[in-house]
Amino acid sequence: MPIPSDFKKTMLEVYKQDAKQAKIGFLSNLFESREEYNVDSEKVSLDIVKSSKKLAPVVTGLGGSAVEVAKSIFEGIEVAAPVYKLKSTVDLFELLQRQPGETEWTREKINWAVKVANKIRNYKSDHTSMITRSLEKQAAELLQNGTITLTDENGKEAYKLNFQKDAKQMVTPTIKWGASGASIEKDITSLAEELVEQGFTVTTLIFGTDAWEAFMKDDNIKELVFRDKFDMGTFTNERRNNGEVYKGKISLGDFNFYLYTYNASYEEFGSKNKVRYLDRKNVLMLPDEADMDFRLVQTVYPQLGSKSRFNNLVPEEAVINKIRFYNKIWDNEETDATYLQTAARPLCLPASLDCWGVLKNVCN
């Protein structure tokens, strides 16, 4: 039975619906997407540049030979982007059951094609949201650990990249925040100074919820923001576009920081347990966005075209919130079932490895 013409969704409408429901997260939004980062090959090559602060030397006179400059220090990597591929089945026999929003006297007025199309639309939104959340987890793990570890449907490790980030940029305080003798200001400024040595001036701190609570309870921090004395900081509580909360700004040592918290969470596949993208006890330290060379690269997912009466509901390829999705619909006439498949191959890569730091496990 054909789909009524007044029900058909255009590709643009489907795109808008997915873009609204699968909004990209705060941390993955830091990774820039460009057309040249999308490659039609199995693997992607990237030169991870190590920073240098060398001065230019002078020569002895006008006729002196030019000083030869060595090539940039980098570590070249070639990696295959992970494959996310989800499938959902629309079985006509399952559609005999009452669906959400239906009543017994309205069910017969809706034809089978419309029911299938509704299911496809809903499954497509679910797939897009799941892959978008997985990309956010990629970004969160990379920024906190310098690695990306992805698991399969059974929770087993299926994909791992280790970027060998310098341990001096991933620091655990010797004395936990809140304990006697702790110095939050020193912990933060010491890491900031380490990043300055690499050529980056940090401007942003992103706190996990427990780390923020310990930060705000610290007597020295309270004294710095006490307006009648120092006026070294101002606080607010503004929720921003990608789930982050802007908390204000503060001056610590020679640095001025914008302060954020981020408490978004996800569920592991096959589990109901909620996990925070940013560990509750961690603090990320970032430079200005212009100084970050974080890239969202994507490799092609080859597939044959859709063969279904419903294939006009979903574009075979579409970019939604930076991610390139590959969609496919096909029918099984023997079982009266229709299948939707959504695939994507996004990967977060840091071309600049020394521009950010993390304070790990700062409190009990």
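Below or above, wherever it landed, is the structure these notes cover.

Parameters at a glance
- Residues numbered from 1 in each chain as written.
- Predicted model: local features only at pLDDT ≥ 70, side-chain atom pairs only at ≥ 80, totals over all residues.
- Heavy atoms only, no water.
- Helix = DSSP H or I, 4+ residues; strand = E, 2+ residues; numbered from the N terminus.
- Buried < 20%, exposed > 50% of the residue type's maximum accessible area, 1.4 Å probe, protein only.
- Contact = heavy atoms within 4.5 Å.
- Areas by Shrake-Rupley, 256 points an atom, 1.4 Å probe, with all protein chains shown as cover.
- 1 Å grid on protein atoms, 1.4 Å probe; cavity = no way out; pocket = protein on both sides within 12 Å on 5 of 7 lines; lining within 4 Å.
- Points joined across faces, edges and corners; volume = space filled by probe spheres on them.
- Nonpolar A, V, L, I, M, F, W, Y, C, P; charged D, E, K, R; others polar.
- Pairing = 2+ DSSP bridges.
- Axes fitted to C-alpha atoms, helices over the stretch in contact; angles between N-to-C directions.
- Arc of directions from axis to C-beta.
- Core = buried A, V, L, I, M, F, W, Y, C linked by side-chain atoms within 4.5 Å.
- Expected span 1.5 Å × (residues − 1).

### What to know about the overall build of the chain
- Scanning the chain from terminus to terminus reveals 6 helices and 20 strands.
- Counting only residues that meet the buried cut, the chain has 44% of its 364 residues in that class.
- Considering only residue pairs separated by 6 or more positions, the chain has 72% of its internal contacts joining residues 24 or more positions apart.
- Carbon and sulfur atoms provide 49% of the accessible area of the chain, an area that totals close to 20000 Å².

### Quick look at the layout of surface pockets
- Looking at the largest pocket, its volume works out to about 860 Å³.
- If you list the elements that add at least two residues to the lining of the largest pocket, you get β4 (84-91), α3 (112-145), β5 (147-151), β6 (157-162) and β12 (265-267).
- In terms of residue count, α3 provides more of the lining of the largest pocket than any other element does, 5 residues in total.
- Here the residues of the lining of the largest pocket sort into 11 nonpolar, 6 polar and 7 charged.

### Some points on the sheet that holds strand β15 (residues 294-299)
- Taken together, 3 strands build an open sheet; the order of strands is β1-β15-β19 and the sheet is mixed. Two strands lie at the open edges of the sheet, namely β1 (38-39) and β19 (346-350), each paired on one side alone.
- As judged from the 5 bridges shared by β15 and β19, these two strands associate in the antiparallel manner. For Val297, the partnering residue across the bridge sits in β19 and is Leu347.
- Along the sheet face, α3 touches β15 and β19 and points at about 20 degrees away from the line of β19.

### Points about the pairing of β4
- By the alternation rule, side chains of β4 split into Tyr84, Leu86, Ser88 and Val90, which are all buried, and Lys85, Lys87, Thr89 and Asp91, of which none is buried.
- In the sheet, β4 pairs with strand β18 (residues 337-344) via 8 bridges, with the strands oriented antiparallel. The partner of Val90 across the bridge, within β18, is Thr338.

### Some words on helix α5 (residues 209-217)
- Inspection of α5 places Ala211, Trp212, Ala214 and Phe215 among the buried residues, and these make up the whole buried set. Along the axis of α5, the buried residues cluster in a sector spanning 165 degrees; they form a single face.

### Details of the environment of Leu205
- Along the chain, Leu205 falls in strand β8 (residues 202-207).
- By relative accessible area, Leu205 is classed as buried at 0%.
- With 54 residues separating them along the chain, Leu205 and Leu259 place their C-alpha atoms 5.1 Å apart.
- The residues contacting Leu205, other than those within four sequence positions of it, are Ile188, Phe257, Tyr258, Leu259, Tyr260, Val283, Leu284 and Met285.

### Quick notes on the environment of Lys249
- Topologically, Lys249 is positioned in strand β10 (residues 244-252).
- Classification of Lys249 as partly exposed rests on a relative accessible area of 43%.
- Spatially, the C-alpha atom of Lys249 lies 8.8 Å from that of Thr204, the residues being 45 residues apart in sequence.
- With residues near it in sequence (within four places) discarded, Lys249 still touches Met232, Gly233, Thr234, Phe257, Tyr258 and Leu259.

### Let's talk about the pairing of β19
- For β19, the buried fraction is high: 5 of the 5 residues fall into the buried class.
- What you see with β19 is no split at all: Pro346, Cys348 and Pro350 on one side and Leu347 and Leu349 on the other are buried throughout.

### Quick notes on unusual backbone geometry
- Despite not being glycine, Asp336 shows a phi value in the positive range, around 55 degrees.
- With a relative accessible area of 36%, Asp336 lands in the partly exposed category.
- Its identity is not glycine, yet Asn361 carries a phi of approximately 50 degrees, on the positive side.

### What about the nonpolar core?
- Counting 50 residues, the largest nonpolar core has Leu27, Phe31, Ile206 and Leu347 as the members making the most contacts within it.
- Sort the elements by how many residues they give to this core and α3 lands first, with 6 residues.
- Counting 25 residues, the second-largest nonpolar core is a separate cluster that includes Trp177, Phe207, Trp212 and Phe255.

### A look at helix α4 (residues 184-197)
- For α4, with 14 residues, the first-to-last C-alpha span of 20 Å sits near the 20 Å given by 1.5 Å per residue.
- Buried residues of α4: Ile184, Asp187, Ile188, Thr189, Leu191, Ala192, Glu194 and Leu195, and no others.
- Positive phi appears at Gly199, one or two residues downstream of α4, with a value of about 100 degrees.

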